[in-house]
Amino acid sequence: MSREAAISSWPYPRFAAHRGAGKLAPENTLAAMRAGYAHGYRMVEFDVKLSADGVPFLLHDDTLDRTTGGRGRADALTWAELAKLDAGSWHSPQFAGEPLPALGAIANWALANGVACNIEIKPMPGRERDTGAAVALDAQTLWRGADMPPLLSSFSEEALAAARDAVPELQRALLVERIPGDWERRLSQLQCVALDSDYRELKAGLIAAAHGAGYKVLTYTPNDVEVVARLNAWGVDCIITDAIDVVRPE
Ligand code: G3P
Ligand code: MG
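Because the structure is predicted, anything quoted here is derived from the model rather than measured.

> Would you take a moment to explain the coordination of the magnesium ion (ligand 2) for this structure?
Only E45 (OE), D47 (OD) and E120 (OE) from the protein coordinate the magnesium ion (ligand 2), and they sit 2.0 to 2.2 Å from it. Sequence positions of the donors to the magnesium ion (ligand 2) reduce to the motif E-x1-D-x72-E. Of this pair, E45 sits in strand β2 (residues 43-50) while E120 is found in strand β4 (residues 116-121), placing the two residues 75 residues apart along the sequence. As far as burial versus exposure is concerned, E45 and E120 are alike and both buried.

> Help me understand the side chain of E98 in this model?
Position of E98 among the secondary structure elements: in the loop between α3 (79-82) and α4 (103-113). Buried and unpaired, E98 has R34 as its nearest opposite-charge partner, separated by 5.2 Å. Separated by 3.2 Å, the side chain of E98 and the backbone nitrogen of A31 make a polar contact. Beyond its immediate chain neighbours, meaning those up to four positions away, E98 contacts P26, T29, L30, A31, L85, D86, A87 and G88.

> I would appreciate a short explanation of the site of ligand 1 in the present structure.
Surrounding ligand 1, one finds H18, R19, E45, D47, H60, E120, K122, F155, L175 and Y220. Between H18 and ligand 1, the recorded distance is 2.8 Å, taken from a side-chain N or O atom to an oxygen atom. Within the contact set of ligand 1, an oxygen atom lies 2.8 Å away from a side-chain nitrogen or oxygen of E120. For ligand 1, the accessible surface in isolation is 290 Å², of which the surrounding protein chains cover 90%. Looking at the shell around ligand 1 residue by residue, the class counts come to three nonpolar, two polar and five charged.

> Can you help me understand the pattern of salt bridges in this one?
Side-chain pairs of opposite charge can arise where the charged atoms are in close proximity. Taken as a whole and judged by the stated rule, the model has 15 salt bridges. With its nearest N and O atoms 3.2 Å apart, the salt bridge here joins R129 to D165. Separated by 36 residues along the polypeptide, R129 in helix α5 (residues 128-142) and D165 in helix α6 (residues 157-166) bring together distant segments of the chain. Note that R186 is salt-bridged to E157, the shortest N-O span being 2.7 Å. You can see R186 sitting in helix α7 (residues 183-189) and its partner E157 sitting in helix α6, a full 29 residues away along the chain. Accessibility expressed as a relative area gives 27% for E157, which makes it partly exposed. What you see here is one network of salt bridges that share partners, running through R19, E27, D61 and R66.

> In this structure, what is going on with unusual backbone geometry? I would like to understand it.
In terms of backbone geometry, most residues other than glycine have negative phi values and most peptide bonds are trans. In this structure, T221 follows Y220 across a cis peptide bond, with omega equal to -25°. One can find T221 in the loop between β8 (216-220) and α9 (225-233). The phi torsion at Q191 lies on the positive side, around 50°, for a residue other than glycine. Within the secondary structure layout, Q191 lies in the loop between α7 and β7 (194-198). When its relative accessible area of 47% is taken as the criterion, Q191 is described as partly exposed.

> What is the right way to look at the state of the cysteines in this model?
Disulfide: a covalent bond connecting the sulfur atoms of a pair of cysteines. Inspection of every chain in the model, using the stated rule, returns zero disulfides. You can see C117 has no disulfide; the closest cysteine sulfur is in C238, sitting 12 Å from it.

> Got a minute to help me understand the packing of aromatic side chains in this structure?
Aromatic ring pairs are defined here through the distance separating the ring centres and the angle between the ring planes. Taken as a whole and assessed by the stated rule, the structure comprises five aromatic pairs. Seen from their ring centres, F155 and Y220 are 5.9 Å apart, and the 90° between their planes marks the pair as edge-to-face. Taken together, the residues span a long stretch of sequence, with F155 in the loop between β5 (151-154) and α6 and Y220 in strand β8 at a distance of 65 residues. Geometry around Y37 places R42 over its ring, the cationic atom sitting 3.6 Å from the centre. Positioned above the aromatic ring of W90 is the side chain of R66, whose terminal nitrogen or guanidinium carbon lies 5.9 Å from the ring centre.

> For this particular structure, what's the right way to read the environment of W79?
When you line up the elements, W79 lands in helix α3. Sequence separation between W79 and V176 is 97 residues; the distance between their C-alpha atoms is 29 Å. Look past the residues within four positions of W79 in its chain and what remains in contact with it is S51, D53, V55, F57, L100, P101 and A102.

About the criteria used
Along every chain, residues carry numbers that run from 1 in the direction the sequence is written. Whichever chain is written first becomes A and whichever ligand is written first becomes 1, with later ones labelled in order. Local features in this predicted model are restricted to residues of pLDDT 70 or higher, and side-chain atom pairs are both shown and tallied only at a pLDDT of 80 or more, whereas totals for entire chains, interfaces and linings draw on every residue. Working from all heavy atoms in the structure, the side-chain values ignore hydrogens and water. Sites may look incomplete because water is not among the atoms; the donors themselves are N, O and S atoms within 2.8 Å of the metal, or within 3.2 Å for Na, K and Ca. Strands here are runs of E lasting at least two residues and helices are runs of H or I lasting at least four, both read from the DSSP assignment and numbered beginning at the N terminus. Residue exposure (1.4 Å probe, protein chains only): buried if accessible area is under 20% of the type maximum, exposed if over 50%, otherwise partly exposed. Charged-residue counts in this description rest on Lys and Arg as positive and Asp and Glu as negative, His and the chain ends being excluded. Salt bridge criterion: a side-chain nitrogen from Lys or Arg within 4 Å of a carboxyl oxygen from Asp or Glu. Here a polar contact is taken to be a pair of N or O atoms separated by no more than 3.5 Å, where protein atoms must pair a possible hydrogen donor with a possible acceptor and residues adjacent in sequence count only if both atoms sit in side chains. Contacts between residues were defined by any pair of non-hydrogen atoms, one from each residue, lying within 4.5 Å. Any residue with a heavy atom lying within 4 Å of a molecule or strand is counted as near it. Each accessible area is a Shrake-Rupley result for a 1.4 Å probe, and residues are judged covered by the shown protein chains and nothing else. All amino acids are sorted into three groups, where Ala, Val, Leu, Ile, Met, Phe, Trp, Tyr, Cys and Pro are nonpolar, Asp, Glu, Lys and Arg are charged, and the leftover types, Gly among them, are polar. Whenever a pair of cysteine sulfur atoms sits within 2.5 Å, that pair is classed as a disulfide. Note on aromatic pairs: the rings of Phe, Tyr and Trp (six-membered ring only in Trp) are paired at centre separations within 6.5 Å, and the planes decide the class, stacked below 30 degrees, edge-to-face beyond 60, tilted for the rest. The criterion is that NZ of a Lys, or CZ of an Arg, lies within 6 Å of the ring centre and within 35 degrees of the ring normal, and then a charge sits over that ring.

What is shown is where atoms sit, not what they do.
Following this line, the structure appears as structure tokens:
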């Protein structure tokens, strides 16, 4: 699909729940996705990496320590081993036993509930290319024939290039912490449809320039209603927030 065709078919809501439900539920779990949904959100952002045996699953950090009962590198365990971990107790007792989800479980839930997905490809260091390709291929299979395929994003340009090469038709966004001077060249090279920036980097002029060049703009993670209102007024296309109990997704 050409970039022009992809952008003209941009189907995504204006608000997305960061890691499923911000901090209201254990991040990157099905419980978080359900909490985001209960607060009216119809798009979720979550982080995906690969198990030792190549299964895409949800986790933010490079290690299991902070958000699961496991220890050590996230890609040291097979999916069968990861699936047994408790990814809820660290957050609060009510989520004890909540499992780490595979991408497939989230896809099934999102498709059943009409929820759009922003899959952030979050490779373990050194696994950028295989993670980008594997996540794109898995997403292609899981969302085949869907009205609203997922948007893939990554800070890793290597992962995005591999995703593009594996499944060119899935739309991609380049994540940045700082906006590089050559952002337009990078988006063009990766055949991205959108720039996804830290909200503190955005200015009205940059958003207008991106739109003028034919790109959408997403932003993470404004959690203050006044900041969100300003970004909206500037025409940001998607706001990824933790503050799902405060920011109304409409
Ligand atoms: O996808 C946007 C945002 O999630 C990037 O930051 O560290 O929360 O994955 P992080
Ligand atoms: Mg993320």
